[in-house]
Amino acid sequence: MTVPQPLATRVVFFFGSQTGNAESIALNLLDQAQQRGYEAECRELDQYEDRLPFTADAAYVFVVSTTGDGDPPDNATKFWRYLRRLAKKGEDWSGTVHYALLGLGDSNYDNFCNAGRRLDEKLREVHATPFYPKGLADDATGLEETVEPWCRGLWPSLAQACTAKNTPRLAAETATTTPTAKAAEIAPEPTLTNSAAPAALTEAIERLAVAETACTVSTQDRPSDNDGNLWTSQPLQLDFGPLATLTSLTGTPRVPSRLVRIVPAATSAPVATSEFPLTHIADAEPFRAQLLGADRLTAPDALKQTLAVQLRPIERDAAGSITTRMVEFWPGDAFGVLCPNPPRLVRDLLQRLDYVATERIQIEPSTPATPLPTHLRHAKAVTPQHILTSLVDLAGLPKKALLRMLAEHAADPEDRKRLLFITSRQGAAAFNELRAHIPHLGDILATFPSCRPPLDCLLDVLPPLQPRYYSVANAPSSKGHLRFAFNVVSYRTPVPAGVPREGLCTPWLARLSAAMARGDATPELNVFLKPNSQGFELTRDPNRPIIMVGPGTGVAPYLGFLEALGAQSSARETWLFYGCRHPDLDYLFRTELEGYARSGVLSRLMVAYSRFTADSTADAAATGETTVSYTHPPSDRPKYVQHHLQRVASDIYRLMTRENAVLYVCGDAQGMAKDVHSTLVDILVNCAKSDDGPLRNLTPSGAGALLVEWMQEKRYLRDLWA
Ligand SMILES: Cc1cc2nc3c(=O)[nH]c(=O)nc-3n(C[C@H](O)[C@H](O)[C@H](O)COP(=O)(O)O)c2cc1C
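Treat the numbers as computed from the prediction; the structure is a model and nothing was measured. (Residues numbered from 1 in each chain as written. Predicted model: local features only at pLDDT ≥ 70, side-chain atom pairs only at ≥ 80, totals over all residues. Heavy atoms only, no water.)

Visitor: Lay out the site of the ligand with the relevant residues and their values.
Guide: Taken together, 21 residues surround the ligand, and among them S17, Q18, T19, T66 and D139 come closest. One of the side-chain nitrogen or oxygen atoms of S17 is found 2.6 Å away from an oxygen atom of the ligand. (Near = heavy atom within 4 Å. Polar contact = N/O pair within 3.5 Å; in protein donor to acceptor, adjacent residues only side chain to side chain.)

Visitor: Quick one: what's the story with the nonpolar core, residue by residue and with numbers?
Guide: F13, L29 and L154 are the most contacted members of the largest nonpolar core, which has 109 residues in total. Both domains that furnish three or more residues to this core are identified here as domain 1 (10-169) and domain 2 (194-260 + 365-461). The residues touching F13, leaving out its near neighbours within four places in the chain, are A26, L29, L30, A33, A40, E41, C42, R43, V61, L154 and W155. (Core = buried A, V, L, I, M, F, W, Y, C linked by side-chain atoms within 4.5 Å. Buried < 20%, exposed > 50% of the residue type's maximum accessible area, 1.4 Å probe, protein only. Domains from an automatic or database assignment. Contact = heavy atoms within 4.5 Å.)

Visitor: Quick one: what's the story with the pairing of strand 19 (residues 524-530), residue by residue and with numbers?
Guide: Consecutive residues of a regular strand have side chains that alternate between opposite faces of the sheet. Across 4 bridges, strand 10 (residues 287-296) lies against strand 19 in antiparallel orientation. Residue pairing across strands places F287 opposite V527, the latter belonging to strand 19. Bridge count for strand 13 (residues 334-338) against strand 19 is 5 bridges, and the pairing is antiparallel. Paired with A334 across the two strands is K530, which belongs to strand 19. (Pairing = 2+ DSSP bridges. Helix = DSSP H or I, 4+ residues; strand = E, 2+ residues; numbered from the N terminus.)

Visitor: Report on helix 22 (residues 700-712), specifying residues and quantitative values.
Guide: In this model helix 22 runs 19 Å from its N-terminal to its C-terminal C-alpha over 13 residues, within 8% of the 18 Å that 1.5 Å per residue would give. Buried within helix 22 we find A703, L706, L707, W710 and M711. Taken down its axis, helix 22 places every buried residue within 145° of arc, on the same side. Opposite the buried face of helix 22, at more than 90 degrees from it, the exposed residues are S701 and Q712. Next to the buried residues of helix 22 lie helix 20 (649-657), helix 21 (672-688) and strand 24 (716-721). Looking at the residues trailing helix 22, positive phi occurs at K714, about 60°. (Expected span 1.5 Å × (residues − 1). Arc of directions from axis to C-beta.)

Right under this line is the structure:
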């Protein structure tokens, strides 16, 4: 680690963020840097300047998440390609570019923090100099665990790399704000100590005074309750016992930066739907689509309810008449569905926060030098109801930043103490317990009844509401229609055990479809095309063999592939490895898949059943081999897709090493994709033993490297979710 003489006089925070975490961290860092007197700015990575972008007079801080299968976020791909080009050309940034890097990821995925790691490698390749060790934060265990210490440690290192130009704003603010604000801002990690009785802890906490909230009025315009009864707000039963014996709290995070301010809109005219910002996703061009209906793909007694919905993209002419909109896509593309938060939850929150649902307001940055978070940038004239319905995520797992902000707005000292405890080092178990309840924002506010945060403070910490993406399960030729398949997400909480919960978008689509089947009007959705930028698409080369692996709803994109292949005439081999629990319960798209196998569009269809225990000797269905009949004793049946792959190992080896096949894997990142990957390593190592070519003596690590090479060459493609 080289700590440069402070050449830099400004700091640039760059973020690459798909779902808002990295952006929120970068914006908070920007605010803190400005308070420390640095001249600072914050940009999306793809907003780098093309000419002379990186200079010695700035220190650079990168906060980058990973998406897809180890890929950079959409707003960082242009920069990533640019940096690769520079590295290839032998660019030399030694002595010029000093940087720090924080990667975000999730260790449930194979390629943990891959985008951050690779960015770091490339920066080193061009001889940029890190001035602070890189941090890699893991969503699986809680980003905060790494993010907070990394951010705290950044400042001393930055002070050596970069000179602050201005008098720290902190000092100026100290003179003008309340003692509370001072304490919270100056000490990034307020350590509340009191060696006396626990009551004194309350007193110590009390000294961090409560900010006032000045919002009034009531809710109008009640949306209809078509969102089931799972979204009512319930207080959580949490164990605050340990708090009774504590005399100090340490490790509480700093109060989140103020990013957003709400002002009355310039006009009070009602908001027209057409004015309403539909999505913050770059390049997305939403269109309307009618929901035509849903087919249930699983039996009523199957573990999961899986639906295939049909949509008809539409456009309206000036007279209001509707025609089908022909959307150009390619098998492998996905569509984003913009799904609202549940009306019941929105209404509860508006009541609780005392906002007029339909009052026009405007969102502005808290200071001119701080950009608005991307998802709020278009909210020029909106209503509180719009914001809570469509812009922010109310149901995601709560972050410490949210709880820390709420502590600032708790009128009751007991609520405040408890909230601070949950965010503290001593309250780690309580924080995990809170998250195990899988609460939504309404539950959290019900648990701390004296909290009434102003809407702008909520907007500072709530992540953007994400569209839900579904692979298109048909070919473009399908009369302009779109088909998606998904499991309707419902589950029970681990704590307290067994409380029913549901997902946001899939139960909503299921309810809309059911209402329509009962005779309600045809619903319209806001949808946009998300072309597959990572190469997971039907190969455009008509001669390449195709191997598709996709258990469960991972089979969905292949339905699109197969429909398109059915319209081609090609002698190539097409194999599908599919898996489900039981042939009679959850074999999705069975008729279609077996039809493709019979007609030869699929050369082989191999189905693994994980819970099929019938004691018959194998017929085609029992073995899961539809096109070749051979028998297996029940105990020897392939249970999972990787078992089928093992059975035909030499064919897989031949197709991949000699016939330039493309291998696709779609579905669960955590279990299936890892097992399939290690099976592929085994297959390569074992089959290479009898190969006289260059792969003979292939080791497991050599096989792993070969698979990585195939990924880079887009011959081994994965579309995964955790
Ligand atoms: C669809 C999807 C794919 C992901 N793929 C990976 C991955 O391959 N490797 C990884 O470490 N994390 C992966 N993640 C986890 C994210 O990097 C992590 O949740 C991060 O906090 C997101 O930050 P952002 O909101 O700034 O994008 C993935 C998350 C999603 C939703």
